[in-house]
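One letter stands for each residue in the lines below.
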Amino acid sequence: MKLWSGRFAKDTDALVNELNASISFDQRLYKEDIQGSLAHAKMLGDCGIISREDAAAIKEGLEGILRDVEAGKVEFTADNEDIHMNIEALLTARIGDAGKRLHTARSRNDQVALDFRMYVRRGIPVVVGQLLELEQVLCRQAKQYQSAVMPGYTHLQRAQPISFAQHLLAYGQMFARDVTRLEDCAKRLNQCPLGSGALAGTTYPIDRFETAEALGFDGPMSNSLDGVSDRDYALELLGGLSILMMHLSRFAEEVILWCSWEFKFIELDDGYATGSSIMPQKKNPDVAELVRGKTGRVYGDLMGLLTVMKGLPLAYNKDMQEDKEPVFDALDTVEMCLPVFARMLDTMTVRTDNMRAAAGKGFINATDCADYLTKKGMPFRDAYTVTGRLVADCTARGKTLEELTLEELRAFSDLFGEDVYEALKLENCMALRSSFGGPAAGETRRQIQELERFVQAREHQK
Ligand code: ARG
């Protein structure tokens, strides 16, 4: 019999039960639900709303249920719809009338708002910890490849010389922002909805500050209607996870390119690649491809929940039961992708020889050639035109800028002198890019230190 059956003359249709029940997925909230009930029951006792004996019995009962759930001894049932009613029913079955007093001055809307918020709050440090592990891998690899010259690209066309470290550290910065985005979400969500009631608070003399504090919140949410209505914290989480997956996916795309025969900038460890069922030569970057592919489902989770929420009048509507699966799915997906991606990067072999060879072609020192002429007194626009003509000439003759003789260079401008060859050396081109944030060695070191400090400041979360 349903907890709410009093008003009904008939049983719920079986198909409705199937549609309505959420226990198959919201059982993941069991711990939060019990924690919330423990705080609520203690507060009811402290405020004299129930007797201290009942509060103590509820506490003992709930702690027993928690132990049994964790020991795998509890079978939840769809007859009790969701995790909230399952636990309440279990409690009442175990301790009798005291169990029936737990729901005084509380609603399920209250409970789900609280449990879900706490679940999101608990998920964030897990993802942050994994991001920090990834950052450490990036720092380590960046240190090793500080002077490995590679072509930097725009439009996937070779553009200017950078180091492999510079490329990795760019992602390091993106992931650091992903960390702070999640931290912001955790900060903002840390207000307690419990005590909002169904929507309009309660006539009982509850103490919302007590429960908020007991549950580790900064304070109670200010408006009861808001407390049970909004899921913006879940959307912020999904937004943060979507952006994080977007970063991971771009990186994955580059890993896929880099281990193609066309690039061969890296080789994946055998443990992080897969073979083909028909082509014996194949070594496929499935890890990176799956990360790229799974980005789509995390975006889907975000779009799904945004769409669920967009037309809902205040306060709670059953549509909102659809909030949990996208969040569970996105957290599961990200938590699966991050560690394996980090391991894949940690174990890859970097082919600095191929990077250097690629950097040697494609005129990525053309800007430096123009800058050379500019520093000798030619206006930059003119230097740009002269260098453009040189590039066209070299392309036609299958040469690089530094392969031209001084005489050949001087045919284009008499400002060219012996020192041009030093200026065109890729290592020098990179070393001279010492502006703040550039790929020069000093700046690379600064970036690595900055990232290491960022990780150290959060050491406790790893
Ligand atoms: N299972 C519900 C959910 O996940 C809990 C809240 C139900 N409240 C209600 N009044 N039907 O959203």
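Described in the following lines is the structure provided in the data block.

Parameters at a glance
- Residues numbered from 1 in each chain as written.
- Predicted model: local features only at pLDDT ≥ 70, side-chain atom pairs only at ≥ 80, totals over all residues.
- Heavy atoms only, no water.
- Helix = DSSP H or I, 4+ residues; strand = E, 2+ residues; numbered from the N terminus.
- Rg over C-alpha atoms; globule rule 2.2 N^0.38 Å.
- Buried < 20%, exposed > 50% of the residue type's maximum accessible area, 1.4 Å probe, protein only.
- Contact = heavy atoms within 4.5 Å.
- Lys, Arg positive; Asp, Glu negative; His and termini not counted.
- Charge placed at Lys NZ, Arg CZ, Asp CG, Glu CD.
- Pairing = 2+ DSSP bridges.
- Salt bridge = Lys/Arg side-chain N within 4 Å of Asp/Glu carboxyl O.
- Phe/Tyr/Trp six-rings, centres within 6.5 Å; stacked < 30°, edge-to-face > 60°.
- Disulfide = S-S within 2.5 Å.
- Core = buried A, V, L, I, M, F, W, Y, C linked by side-chain atoms within 4.5 Å.
- Axes fitted to C-alpha atoms, helices over the stretch in contact; angles between N-to-C directions.
- Left-handed = near helix turned anticlockwise from the far one by under 90°.
- Near = heavy atom within 4 Å.
- Polar contact = N/O pair within 3.5 Å; in protein donor to acceptor, adjacent residues only side chain to side chain.
- Areas by Shrake-Rupley, 256 points an atom, 1.4 Å probe, with all protein chains shown as cover.
- Nonpolar A, V, L, I, M, F, W, Y, C, P; charged D, E, K, R; others polar.

## Topic: the overall build of the protein
A tally of regular secondary structure across the protein gives 20 helices and 4 strands. A compact globule built from 462 residues would reach a C-alpha radius of gyration of about 23 Å, whereas the protein, at 30 Å, exceeds it by more than 25%. The buried share of the protein, reckoned over its 462 residues, is 50%. The contacts in the protein between residues at least 6 apart in sequence include a share of 76% that link residues at least 24 apart. In the protein, 55 side chains carry a positive charge and 69 a negative one; their mean positions are 2 Å apart.

## Things to note about the pairing of strand β2 (residues 157-163)
Summarising the sheet, strand β1 (residues 149-154) and β2 pair through 6 bridges and their orientation is antiparallel. In the strand pairing of β2, Pro 151 is matched with Pro 161. Taking the residues between adjacent antiparallel strands as the criterion, β1 and β2 are bridged by 2 residues, where His 155 takes a positive phi near 55°.

## Overview of the pattern of salt bridges
Counted under the stated rule, the structure contains 35 salt bridges. Across the pair Asp 368 and Arg 433 runs a salt bridge, and its minimum N-O distance is 2.9 Å. Separated by 65 residues along the polypeptide, Asp 368 in helix α15 (residues 366-375) and Arg 433 in the loop between α19 (426-431) and α20 (441-456) bring together distant segments of the chain. By relative accessible area, which is 11% here, Asp 368 ends up buried. Taking the relative accessible area as the measure of exposure, Arg 433 reaches 16% and is therefore buried. Glu 408 is paired through a salt bridge with Arg 397; the nearest N and O atoms lie 3.3 Å apart. Taken together, the residues Glu 408 in helix α17 (residues 406-410) and Arg 397 in helix α16 (residues 380-397) connect sequence positions 11 residues apart. Residue Glu 408 is classed as partly exposed on the basis of its relative accessible area, which comes to 23%. The partly exposed category is assigned to Arg 397, whose relative accessible area is 38%. Residues participating in the shared-partner salt-bridge network are Lys 42, Asp 46, Arg 52 and Glu 210.

## Here we look at the packing of aromatic side chains
The description of an aromatic ring pair rests on the distance of the ring centres and on the angle between the ring planes. Counted according to the given criterion, the structure contains 12 aromatic pairs. When the centroid spacing of 6.0 Å and the interplanar angle of 55° are considered together, the rings of Tyr 153 and Phe 263 count as tilted. On the criterion of sequence distance, the pair formed by Tyr 153 in strand β1 and Phe 263 in the loop between α11 (232-258) and β3 (266-267) is long-range, its members being 110 residues apart. Given a relative accessible area of 24%, Tyr 153 falls into the partly exposed group.

## Focus on the state of the cysteines
The final tally for this structure, using the stated rule, is 0 disulfides. In this structure Cys 394 is a free cysteine whose sulfur lies 8.8 Å from that of Cys 369, the closest cysteine sulfur available.

## Focus: the nonpolar core
Ranked by size, the top nonpolar core spans 100 residues in total, and within it Phe 164, Leu 241, Phe 251, Phe 341 and Leu 345 carry the most contacts. If you tally residues by element for this core, the top one is α11, at 14 residues. Sequence-distant contacts of Leu 241, that is, excluding residues within four places in its chain, are made with Val 127, Leu 182, Val 298, Ala 330, Leu 331 and Val 334.

## Topic: the side chain of Ser 107
Positionally, Ser 107 belongs in the loop between α6 (97-101) and α7 (108-144). You can call Ser 107 buried: its relative accessible area is 10%. With residues near it in sequence (within four places) discarded, Ser 107 still touches Gly 197 and Ala 198.

## Some remarks on the packing of helix α4 (residues 52-70) against helix α5 (residues 83-95)
With their axes 10 Å apart at the nearest point, α4 and α5 run at an angle of 115° to one another. Once α4 is placed against α5, the crossing between them reads as right-handed. The residues of α5 that touch α4, namely those facing Ala 57, Ile 58, Gly 61, Leu 62, Gly 64, Ile 65 and Asp 68, are Ile 87, Leu 90, Leu 91, Arg 94 and Ile 95.

## So, the site of the ligand
All residues adjacent to the ligand are Ser 22, Asp 26, Asp 82, His 84, Arg 108, Asn 109, Val 112, Tyr 316, Lys 318, Gln 321 and Lys 324. Between a nitrogen atom of the ligand and a side-chain N or O atom of Asp 82, the distance comes to 2.8 Å. Here Lys 324 contributes a side-chain N or O atom positioned 2.8 Å from an oxygen atom of the ligand. Considered on its own, the ligand offers 340 Å² of accessible surface; in the complex 86% of this is hidden by protein. The element contributing the most residues to the shell around the ligand is α7, with 3 residues. Looking at the shell around the ligand residue by residue, the class counts come to 2 nonpolar, 4 polar and 5 charged.

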